Every structure is written in C-alpha cells, then in structure tokens.
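Examination of the molecular architecture
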Amino acid sequence: MSVKAFELVPAVERDLLMGDKARINIECIECCGKHLYMGTNDCFIHHFLLDEVTSSKGKLTYSAQKLLHKYLGLKKPVAELRAASALERLIVLCDGIVFLVDMVTLETVPSAAGGGAKIRGVTAFCVNENPVKGDPFCVEMGVISSKKRTVQIYMVYEDRVQLVKEVTTPEQPCAVSVDGHFLCLALATQYMILNYNTGASQDLFPYNSEDRRPIVKRIGREEFLLAAPGGLGMFANAEGVSQRAPVNWSESVIGAAVSFPYVVALDESFITIHSMLDQQLKQTLSFRDGHILQDFEGKVILASTKAVYVLVPLPLERQIQDLLASHRVEEALILTEGAQQNIPKDKFQILHKRILQQAGFIQFGQLQFLEAKEHFRKGQLDVRELISLYPLLLPASSSFTRCHPPLHEFADLNHLAQGDQEKVLRCKKFLISYLGEVRSTEVANGCREDVDTALLKLYAEQDHDSLLDLLASDNACLLADSVPWLEKYHKYFALGLLYHYNSQDSAALQLWIRVVDGDLQDSTRSGLYEYIVDFLCSCSNPDLVWKYADWALAKDPTVRVHIFTKRPVSKDVTELNPEDAITYLGKHSQALLLFLEHLVLERKIKKEKFHTHLAVLYLESVLSLLSEAPAEEERLTRARERLQALLRESNLYRAQFLLGKMENCEQLLLERATLHGKLEENDKALHILVHKLKDFSSAEAFCVWASSCRDSAYQQQLFHLLLEVYLDRNLPGKSQAAAAAAAAGGGELEMAAVDLLNRHGEVFDAVRVLRMLPEGWSLQLLRPFLGRAVRSSMHAGRTAQIAVGLAQSENLQLLHDRLKDRKKPIFVSEKKGCHLCHNTFSEPDVVCLPGGAPVHTHCVAQRVRDSPTKRQLTNSSNHT
C-alpha cells in the first residue's frame, strides 16, 4: 500500500553540469554538508554548492552554484569519490589509483617526504565510518586490490597513506564495507563477514557477482544491507545474524540506501521505498537512466548520467497523518513507534499519544470497539473527547472543549452513524462499557462529574440494570443535569436515590411516595413501599420518620411498625424514644402490639410499664375473642398461649393489676393460677389447678416453673404443698365414698398424689411424706417412691462417709506437715529482725509464724488484741 514518504527534487540540472558537451556522463558523487562533488567520465571533478530553499508553501527546493571543476589528467573516468572533511581532502579512485585531492582547490596532493599519497592497483575502496583509532585527523580505509585476493587497511593522513593491515580472502572480493574491525565482503560467489583484527570469518549466503552487481552497504553500527538472490534486501550484523526481516525489492537493483525507517532501492526504471518496520512497499517513483544512489549524512542523493537529484523525505508526522487519513491505522502506528529513535523523548511521547488517540477514533468509526478501546487506553485519551461525540451527554456546566487540531472527522454520533440506528445503539453500548471501566481509574481524574453524569444518562436512556448500582455507590453525578434526564425516562426510583446521595432525603421520600400512590409511573423497583419503610428505619433524621410514619402506617400495619422496630443501633442513626413511639402508635392497636413485642420480647427492655402494657393488650385480645360467639378456637388458643408465655417468663408486669382484670373470668383459670404464683400465693394457684381445673399435669408443671430459679428447700416446700392439696380430706362436698376411696388410696386426687411421689420422689422429704400419708395406703402403690427414697438415703449416707474420710485424711496430712515444721530449728540472733516490728531480738523467747518467720511475743500479743475477731495463732505454742 502506497504512502508518500519522499519527493524527488532536482539538485543539479544537466545544463549546469555539462553545458553543450553531450558526451559527459556522471560516474560518481560525494556530498559533504552543502558541498557536492561529481566525478565524470572525462576525468573531471566538479564542485557545486547546494543551498536549500523553502518556498512560501513550505516546499523544499535546491539551488546549485558551480564553484570549480578540475581535470585530473588521467584520461579515465573518475570511479569513486569520498570526502575526508577533517583533512580537507577528497579520496579519489581513478584508473585503478587512489590519491588525495584538496577539497577547496581540487589540486592533487603531492606525496610527502616520508611516504606516498597514492595507492595503485585498486578496484574499490570504502571509508570506515566507525574507526578503530580515535585520531580525528586520520581516516581509516578498506581497499580491494586488483591483483591478489586481499583486502588492505590503510590510514589516510593529510598528505600520505599508510598500510596497517592486509587480510587474505578465499576469493577475489568485488565490493567491501567496513565498520570497526569488521569487513563485509562481496566475493565472487558469496557474501561474508571478516574480523580483520582476529581473523574470524562468517559466511553469509551465496551470491553470483557475474549475474548482477553486488551491494554491500553499511546502515548502522555493525549492521549491513546486502543484495541477496531472489530480489531480496537482506540485513546482517557483525555476527552474521539477520535481526530484521528482508525487504522484497527488484531483481535488478543497482543501488540502495537507508533513510530510517525506509530502505530506498534504485533499479533501471524506478525508485522503490520499503519500510524497515513492516517490510512493505510504501512508495514507487519513476526514475529512468539512474545509476547512482547514495546517502550522505541522512541525505539521499540520486544521479542519472546527466543530472543529480535529492530524495527529500516528507515530515514524519505528515506521513503518519496521510496513513491515518486513508484509515491505515496499523501502518501509522508501526511508523510512529519505529521512528522513536529519531525523535526526542518528550516530543515522541506527545506524538505517540495523539496518534494512538486518532487511531482509536478511526477504529471507533469502523465499530472496531475492542481495538479502539485499547488505543484510547494506551493514548491516555481524555474521555470527554469520546463523550462529546454523543449529543447532550456532557453536563451543561462542563468546561471541556475538543482538542485542536481535532482527533477525528466526526461532528457527533449522528454524523458518524449517518442515520443508522443500529450503529448508534452499538456505539452507545460501547460507551457504557468504556465509561464503566474507566470511571474508577486515573483516566477519570479531574472529570469524574462529567463521566458519571454521562454514564447515568446512558443508563437511564438504555434502561440499563447498572443505573441503580451507580447511584447506590460512590458517584459524582451532577444533580442539576441528572434530574431532567431521569424524569424524562421515568426513572423516579433512581432519582430518589440520587436525591438521597445528595442529602435530600425529604425530596427522595416525596418522589417515592408519589410512585407508590400511583401519581407517577416507574416499575424499576418492585416492593417500593417496603423499601420506603426500610429507608425510614435507617433514616438518621427523626423528624422525617415522624413526618412520613402516618403515610406508612395507613398502608400496612404489619410492615409499618418496622419503622420503629428495625432501626439499627449505631451512632449514625438517632434512636427514637420508645415512649414517644408508644404514644404515637396508640391509635394503631395492631402496630402498638407489634412494637411492644419488639421492646419486651426482642430487645428485652426491663421496664415494668412496657411489660404491663403488653400483657394488658394480650389479655384484651383474649377477652375480645372470648366475647365472640362462636369463638374461633384456633385464634383463641394462639392468643392465650402468647399471654401465658408472657405471664410465665416476665417478672416485671403488675401481677395484681392483671389479676384484677381477669378475676371474674372463669375461662382464664390457668392464667389466674400463673398470676397467683407470681404473687407467691402458691396455695391459691394450686387450688385452682387441682380442684377447679383438675389439671394435675399443669399443677406439677407449675411447681417446676415456680421453683425453677429458687433453692432446693423452696422447691421441696412447693411440692409438699401440692401433696397436701392432693391429700386434703377436709374439702367441702367430698362424699363418704370418696373419703373411703381416699383412705385406700384409690381416689382421683390420691392417684395424682401417688403419681407425683413416684415421678418426683427425689424432691420430697421421705420421712415427712410417710407421716402425711394415710395409714390405709398400700405400700405397693408407693414402691417406686420408697425405692428411690431408700436409694437416695443410702447414697447420701455413703457420700457423707466419703466426705468425712477425705476430711480426716486432709487433717492427718496437715498434722504431719506441722510435726515436720516442729523438728526444724529456729535461728534467732541480735542481727535478725522481727517480721512485725522490724526491731532486732534481745531475748531468745520468740513466736514462729506459719512459714517459720520468728517474731516478738509481745508483737503477736498486741496483734491478737487488736484483731476484731480475736483469733489465736495456730502454732504459737512452744515453738521457741
């Protein structure tokens, strides 16, 4: 694919060179700065001065001025010219002789007294542009001799040449190039690399010099360009390795040069220009009768037999822009990255980023979104450049202006899509994806508001699921721009979230309430009523809670109370006063009941007022159900179970008050018994359970419940009380038959008593029970109780014996330890002090404290007198 990389500009016209002499042909050229030298077939050297002229339109031309020409006197064509500017000499090859010419006067330099200034029998030579020696006034040169298979290394001075090395080659060389110690040679049948310092050589590839002219061109440090078979331009380094792919040029190439990143080749009719970066042919120029192509300090010069031209490279940025204009993105990027070594670092970074951004927009226009995104990322694109393509997405307050010169050719997305709505939709989906990725990265730094607002608008327009996620997380959406857009697409729930994020909770609630009430339509959030209740639960502003609680309570009492019961306990959420809430809920009985259950049963608040209030509500509910005819048994059972559980588990309600409310209700005998139990009126409770309800299992359960948090003595007393109730013979209305059955142990109450003893025998005092039982009872009835009582008594006696034995053993051990201490001597001296008063001893009479510490007798006596318990020391006897 073509690109205009060079322009062919005339430098020296035919008339200026030869005038009316038609037979004069150019044989060789050399350029040094502005000075151009030409060798012709009539043995002349012509010296021209080339001036660059830039037109008003920026086009470069050359103006040539002929300074001098000189006949060399050998009647042969001048074969080669090379300039040694530091020596002010031209190295000339003519008629097989290399000699020196003054660059200014073109006079031949005479030989010095110490040595000659000519080399004879030369077929070709080249100058070492990477000299081994550091002498600036000396030029190193490789010479091919015509008579033997050798390459000679010379040092060229101002007025002499000096042979320093001679290297033998396998075949006669026909072309040479030198870099440092390395010779790149074209032999008769192959190319090779030869280190003339070490003698090491490396064969490259075969080549027949008789078929075509060999090309050996140094293009950089230790790197050469060679004409290979098959019309290939091969690269080789000093180790004989090719680090670049070859370029495919013409089979009949007669000259080549490198102007990075291009390889320029000349054949009989054309100039071809290939890229060294992707090896593609980039440009072809027609050029007939050309036979010389060389580069001089970055300037590529061509010559036909009659005129000289300069191949002027176009500015790199213009080439890149031309490639981008023809949508050749990859080639433009390859060219940009390949030119890095020729551009200052800072300038390259700016250029590279811009090219990547332009490439991204080109691929964006072609809907190649993955590639576009990658180029935007690498080019660090200001994301607003992309957003600005989409009408109305940037906030009205944004100060962004597009880059100049522009990065793309599109006015906006409509211009890009040309009415294709499918393309518009795909572009919007890409922007959603791209903004979602970059909004939390450095790309969005400084423009987070623009990015988030644009993303919100796209989400709303496309009905995207991520709209709520955006608003529920940390975001920078601008309220003024977002409100009309969300209203336009009926995203009222999302708008409420935005209000909430901007600390406008009242506006959010008003909007959501209108949606729930049907004034506004938005199906985004199902269960919005429950969401509002949850929102009020966590609302940190109590005024808002009281303001909107009425609306919530009017909807659903089972949900509405959550406003008060599900408020989290944290420093950010103000706790509502429970008494205020109870007062507020007074007119909503069901909600009040749920709230009191929350306070008493869930939060376990220890406050008599709440417990009593809840119990009263439970009781009223039961009484209400009892008053219905017929009563709903299932609801009544559940209501009584709630009441009974509260009466049993709570110790904070006013039991006497509740008992008064149900005193005349014979249907609530079980509840009355529980309240009597709370009032320690156990006899009344048991009387109700045994004689009125005849619920013996509940009576036993009452004893277990009433004594659950008391000691064993209280429990025993309670069970004995129940037994007495069972065995009470003085009950009014008891018939003689029943009395007789009771005496034999066969009455209903007596059987309950037997069951009680047999089930809870371990609680009772067996001796006391035996005294209480009627004499006529059969022992067989009491066998389980008596067996358990005997075992329990025996167990207690044996346990006591073990305890006594252990105590005696411990006492014996203590006596043994005491006897051991008595056998130890106690040392007392005038230097030793009392442990109580810290004075020294003056008499041998002392008292020994536990542990063997001696103290004065009067100190111990004083301590005993001062002791409030008047305890005596255990070992203050004769321990002296």
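Here, the structure is the one placed above.
Reference entry: report on the structure contained in this document.

It is worth spelling out the environment of S2 at this point. In this fold, S2 is placed in the segment before β1 (6-12). Accessibility expressed as a relative area gives 57% for S2, which makes it exposed. With 708 residues separating them along the chain, S2 and R710 place their C-alpha atoms 104 Å apart.

Note that strand β12 (residues 150-156) and strand β13 (residues 161-168) share 7 bridges and pair antiparallel. Looking across to β13, one finds that T150 is bridged to T168. The hairpin turn running from β12 into β13, its antiparallel successor, is 4 residues long.

On to the packing of aromatic side chains, then. Under the definition given, this model contains 20 aromatic pairs. Residues F6 and Y262 carry aromatic rings whose centres are separated by 5.7 Å and whose planes lie at 70 degrees to one another, so their mutual orientation is edge-to-face. Of this pair, F6 sits in strand β1 while Y262 sits in strand β23 (residues 262-266), and the two are 256 residues apart along the sequence. The pair F6 / Y262 is uniform in exposure class, with both members buried.

This brings us to the sheet that holds strand β19 (residues 223-228). As summarised here, the arrangement of the 4 strands in space is β18-β19-β20-β21, forming an open sheet in which the pairing is antiparallel. Among the strands making up the open sheet, the edge pair consists of β18 (216-220) and β21 (247-248).

Here D267 shows up in the loop between β23 and β24 (270-275). Look at D267: it is buried, it has no salt bridge, and the nearest opposite charge is R288 at 8.4 Å. Of the polar contacts made by the side chain of D267, one reaches the side chain of S250; its length is 3.5 Å. At 3.0 Å, the side chain of D267 forms a polar contact with the backbone nitrogen of S269. Sequence-distant contacts of D267, defined by excluding residues within four places in its chain, comprise S250, S252, V253, I254, F287 and G290.

Before going further, it helps to examine the nonpolar core. F364, L386, L435 and W512 are the most contacted members of the largest nonpolar core, which has 113 residues in total. The dominant element in this core, judged by the number of residues it contributes, is helix α20 (residues 608-627), at 10 residues. Not counting residues within four places of it along the chain, the set of residues in contact with F364 comprises F369, A372, F376, L386, L389, Y390, L416, C427 and F430. Ranked by size, the runner-up nonpolar core spans 33 residues in total, among them A673, A685, W777 and F785.

This part is about the pattern of salt bridges. Counted according to the given criterion, the structure contains 33 salt bridges. Here E80 makes a salt bridge to R82, at a shortest N to O gap of 3.1 Å. In this structure E80 comes out as buried when scored by relative accessible area, which is 19%. Here R384 makes a salt bridge to D450, at a shortest N to O gap of 3.6 Å. A residue pair is termed long-range when its members are at least 10 positions apart, and R384 in helix α6 (residues 383-387) and D450 in helix α9 (residues 448-462) qualify at 66 residues. You'll find R384 and D450 in the same group, each marked buried. Connected through shared salt-bridge partners, D278, K282, R328 and E331 make up one network.

Another aspect to go through is the pairing of strand β22 (residues 255-259). Most of β22 is tucked away, with 5 of its 5 residues classed as buried. Burial along β22 is two-sided: the face carrying G255, A257 and S259 and the face carrying A256 and V258 are both buried. As paired elements, β22 and β23 share 5 bridges and run antiparallel to each other. Bridge assignment links A257 to a residue of β23, and that residue is V264. Linking β22 back to β23 in an antiparallel pair, the connection comprises 2 residues.

Conventions used here
Residues numbered from 1 in each chain as written. Predicted model: local features only at pLDDT ≥ 70, side-chain atom pairs only at ≥ 80, totals over all residues. Heavy atoms only, no water. Helix = DSSP H or I, 4+ residues; strand = E, 2+ residues; numbered from the N terminus. Buried < 20%, exposed > 50% of the residue type's maximum accessible area, 1.4 Å probe, protein only. Pairing = 2+ DSSP bridges. Phe/Tyr/Trp six-rings, centres within 6.5 Å; stacked < 30°, edge-to-face > 60°. Lys, Arg positive; Asp, Glu negative; His and termini not counted. Salt bridge = Lys/Arg side-chain N within 4 Å of Asp/Glu carboxyl O. Polar contact = N/O pair within 3.5 Å; in protein donor to acceptor, adjacent residues only side chain to side chain. Contact = heavy atoms within 4.5 Å. Core = buried A, V, L, I, M, F, W, Y, C linked by side-chain atoms within 4.5 Å.

Keep in mind these values describe shape, not function.
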